[in-house]
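# Close look at the chain arrangement
Each chain is listed here by its residues.
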Amino acid sequence: MTEEEVIEVIPPFIKLEQFLKFSSAAETGGMAKRIISEGLVKVNGEVCMMRGKKLKGGEKVEIEGKVYVCVVK
């Protein structure tokens, strides 16, 4: 079973690169940029290579077998 962690964000959306840093999936912006550009991040089950992809809530972001669920408050 895949481990899921719910990450709550306040604005109406958060960019994928920022979400990776906010959820601690990436330690720095440079690291987030690298793992996205290498195709290591999936959004809703599909590889996403767009750093600026807007997550508006309900999306599942997967990296290295861990799933983060974006919940916008």
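Structural notes, computed from the coordinates. (Residues numbered from 1 in each chain as written. Predicted model: local features only at pLDDT ≥ 70, side-chain atom pairs only at ≥ 80, totals over all residues. Heavy atoms only, no water.)

### Focus on the overall build of the chain
Rules: Going along the chain from the N terminus, every DSSP run of H or I of four or more residues is numbered as a helix, and every run of E of two or more is numbered as a strand. Based on C-alpha atoms, the radius of gyration is set beside the globule rule, defined as 2.2 Å times the residue count to the power 0.38. In this description, contact between two residues means that some pair of their heavy atoms is separated by no more than 4.5 Å. All accessible areas in this document rest on Shrake-Rupley with a 1.4 Å probe, and a residue is counted as covered only by the protein chains that are shown. Counted as positive: Lys and Arg. Counted as negative: Asp and Glu, with His and the chain ends omitted from the count. In plain terms, the charge of a residue is placed at NZ if it is Lys, CZ if Arg, CG if Asp and CD if Glu.
Within the chain, the regular secondary structure consists of 2 helices and 7 strands. Ordered by position from the N terminus, the helices and strands of the chain form the series β-β-α-α-β-β-β-β-β. Here the C-alpha atoms of the chain give a radius of gyration of 11 Å, agreeing with the 11 Å that 2.2 N^0.38 yields for 73 residues. Dimensions of the chain, computed from C-alpha atoms along their principal axes, come out at roughly 30 × 30 × 20 Å. The long-range share in the chain, meaning contacts at least 24 apart out of those at least 6 apart in sequence, stands at 47%. Accessible surface for the chain amounts to roughly 4600 Å². Of this, 50% is attributable to carbon and sulfur atoms. Looking at charge distribution, the chain has the averaged site of its 12 positive side-chain charges lying 8 Å from that of its 11 negative ones.

Just geometry here; none of it tells us what the structure is for.
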